Each structure stands twice: as structure tokens, then as C-alpha cells.
Amino acid sequence: QVQLVESGGGLVQAGGSLRLSCAASGRTFSNYAVGWFRQAPGKEREFVAGISWNGGNTYYADNVQGRFTISRDSAKSTVNLQMNSLKFEDTAVYYCAAGWGLSVATINGAQRYDYWGQGTHVTVSS
């Protein structure tokens, strides 16, 4: 069992930065890939970024590539999402999720993940 808790959301002006954290508990967390997803009002949940179980591979959606950076600290059982150059369209609830055995072909699929956090709100003012 893995429990995930997101933090770091808030209100920021366009062009600003936020750092989201996903804190995990559960002794097998280090074996899971982790993804960040987001859901804006009236829209479907979408993949933002993902990181492999060992941190060796990272993946990004095209619309955040070059602005967002995902990283994991296995010693602290956390996965972070550094978000720079934020845009109004980045406004959403951001969720972290953990999934077993994910690959480059599956890491962006929400249905592949086993555990989800409760989400943290990010609001970017224009």
C-alpha cells in the first residue's frame, strides 16, 4: 500500500514558479514510477510529467516540456515537480500518482496508476 500527499500548490502570477511535492508512505514506494497529472475545470485529467522508479528516466507532456522538471528523492520518499514560466493555462488541480511496472509507453496513462493523492490546487493569474 502506498499513500501519497501533494503539497506546494497556490496562487502565482503568470511567468512565476511553483514547486509541488508528493510525499509518499509505504515501504515499496521506491519500486513505483510516479506521474503528475492535472485536471482543469471542465476538462479531462491530463498527463504532465512522469519519472521512472529509479529516477533514471523522465517524461513530459509537450505543453510543459522545457518549463517543468520532475525529480525524486528516494531517501525522502518524495517526488517534486518544479514548474517555471507558468501560464494561465497551467491552472488546474495537480495530482501525483504511483504505478507499478510502467514504461515509456504507459507512463502517461492515468488508468495505469495504482495510487493517487488528493490533489493540490495551482492557480496562475494572467
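Quick note: structure is the one above.
Being a predicted model, the structure only gives us computed values, none of them experimental.

So, how was this worked out
- Position numbers for residues count from 1 along each chain, tracking the sequence in the order it is written.
- Reporting of local features is limited, given that this is a predicted model, to residues whose pLDDT is at least 70; pairs of side-chain atoms are given and counted only at 80 or more, and all residues count toward the totals for whole chains, interfaces and linings.
- The basis for the side-chain values is all heavy atoms of the structure; hydrogens and waters are excluded.
- Throughout, a disulfide means two cysteine sulfur atoms within 2.5 Å of one another.
- A run of H or I in DSSP becomes a helix once it reaches four residues, and a run of E becomes a strand once it reaches two; helices and strands are each numbered from the N terminus.
- Buried, partly exposed and exposed residues are distinguished by accessible area as a fraction of the type maximum, computed with a 1.4 Å probe on protein chains only: under 20%, between the cut-offs, and over 50%, respectively.
- To define a nonpolar core, start from buried Ala, Val, Leu, Ile, Met, Phe, Trp, Tyr and Cys residues and group those joined through side-chain atoms within 4.5 Å.
- Only strands joined by at least two bridges in the DSSP assignment are considered to pair.
- Axis lines are fitted to C-alpha atoms, over the contacting stretch for helices. Their N-to-C directions set the angle, which ranges from 0 to 180 degrees.
- Site definitions follow a grid-based scheme: protein atoms alone, a 1 Å grid, a 1.4 Å probe that fits but cannot get out for cavities, and for pockets an open set with protein on both sides within 12 Å along at least five of seven lines, plus lining residues having an atom within 4 Å of a point.
- Grid points are joined across faces, edges and corners, and a volume is the space filled by probe spheres set on the points.
- Amino acids are sorted into nonpolar (Ala, Val, Leu, Ile, Met, Phe, Trp, Tyr, Cys and Pro), charged (Asp, Glu, Lys and Arg) and polar (every other residue, Gly among them).
- Between two residues, a contact is recorded if the distance between any of their heavy atoms is within 4.5 Å.

**Student:** How do you make sense of the state of the cysteines when you look at a structure like this?
**Tutor:** Here is the idea: a disulfide is a covalent bond, and it sits between the sulfur atoms of two cysteines. The full count for this structure, using the stated rule, is one disulfide. A sulfur-sulfur distance of 2.1 Å marks the disulfide that ties Cys 22 to Cys 96. In this structure, the disulfide formed by Cys 22 and Cys 96 twists by about 65° around the S-S bond and is classed as right-handed. You can see Cys 22 sitting in strand β3 (residues 18-25) and its partner Cys 96 sitting in strand β9 (residues 92-100), a full 74 residues away along the chain. The exposure classification of Cys 22 matches that of Cys 96, with both residues buried.

**Student:** Looking at this model, I keep getting lost on the nonpolar core. Mind explaining?
**Tutor:** One recurring pattern in soluble globular proteins: nonpolar side chains tend to sit buried together. The biggest cluster of nonpolar side chains holds 38 residues, and the ones touching the most others in it are Leu 4, Trp 36, Leu 81, Met 83 and Tyr 94. When contributions to this core are tallied by element, the ones reaching two or more residues are β3, β4 (32-39), β5 (46-51), β7 (68-73), β8 (78-83), β9 and β11 (120-125).

**Student:** Mind showing me how you'd approach the sheet that holds strand β1 (residues 3-7) here?
**Tutor:** Consider a sheet: its strands pair through backbone hydrogen bonds, and that pairing is either parallel or antiparallel. Across the sheet, which stays open at both edges, the four strands sit in the order β1-β3-β8-β7 with antiparallel pairing between neighbours. The open sheet has two free edges, formed respectively by β1 and β7, since each of these has just one partner strand. On average, adjacent strands in this sheet sit at an angle of 15° to one another, irrespective of strand direction. Where β1 and β3 come together, five bridges link them in antiparallel fashion. Bridge pairing in β3 links Glu 6 to Cys 22.

**Student:** When you look at unusual backbone geometry in this model, what are you seeing that I'm missing?
**Tutor:** Positive phi outside glycine occurs at Ser 77, with the angle close to 55°. Looking at the secondary structure, you find Ser 77 in the loop between β7 and β8. Of note in the backbone geometry, Ser 85 takes a positive phi value of approximately 50° without being a glycine. Position of Ser 85 among the secondary structure elements: in the loop between β8 and β9.

**Student:** Just to check I follow, could you spell out the layout of surface pockets for this structure?
**Tutor:** Rolled over the atoms, a probe with the dimensions of a water molecule shows which regions are left empty. In this structure, the largest pocket occupies an estimated 160 Å³ of space. Surrounding the largest pocket, Arg 38, Ala 40, Lys 43, Glu 44, Glu 46, Asn 63, Arg 67, Lys 87, Glu 89, Asp 90, Thr 91 and Ala 92 form its lining. Its residues placed into classes, the lining of the largest pocket shows two nonpolar, two polar and eight charged.

**Student:** Even after reading the chapter, I still don't get the pairing of β7, so can you show me in this structure?
**Tutor:** Looking down a regular strand, the side chains alternate between one sheet face and the other. Covered by surrounding structure in β7 are Phe 68, Ile 70 and Arg 72 only, the residues Thr 69, Ser 71 and Asp 73 on the alternate face being uncovered. Pairing analysis gives six bridges linking β7 to β8, with the strands arranged antiparallel. In the sheet register, Ser 71 faces β8, and the bridge partner there is Asn 80. Here β7 folds back onto β8 in antiparallel fashion, the turn holding four residues, of which Ser 77 has a positive phi close to 55°.

**Student:** Looking at this structure, how should I read the side chain of Asp 90?
**Tutor:** Note on placement: Asp 90 falls in the loop between β8 and β9. Given a relative accessible area of 0%, Asp 90 falls into the buried group. When neighbours within four sequence positions are excluded, Asp 90 is seen to be in contact with Arg 38, Arg 67, Phe 68, Ser 85, Val 122 and Val 124.

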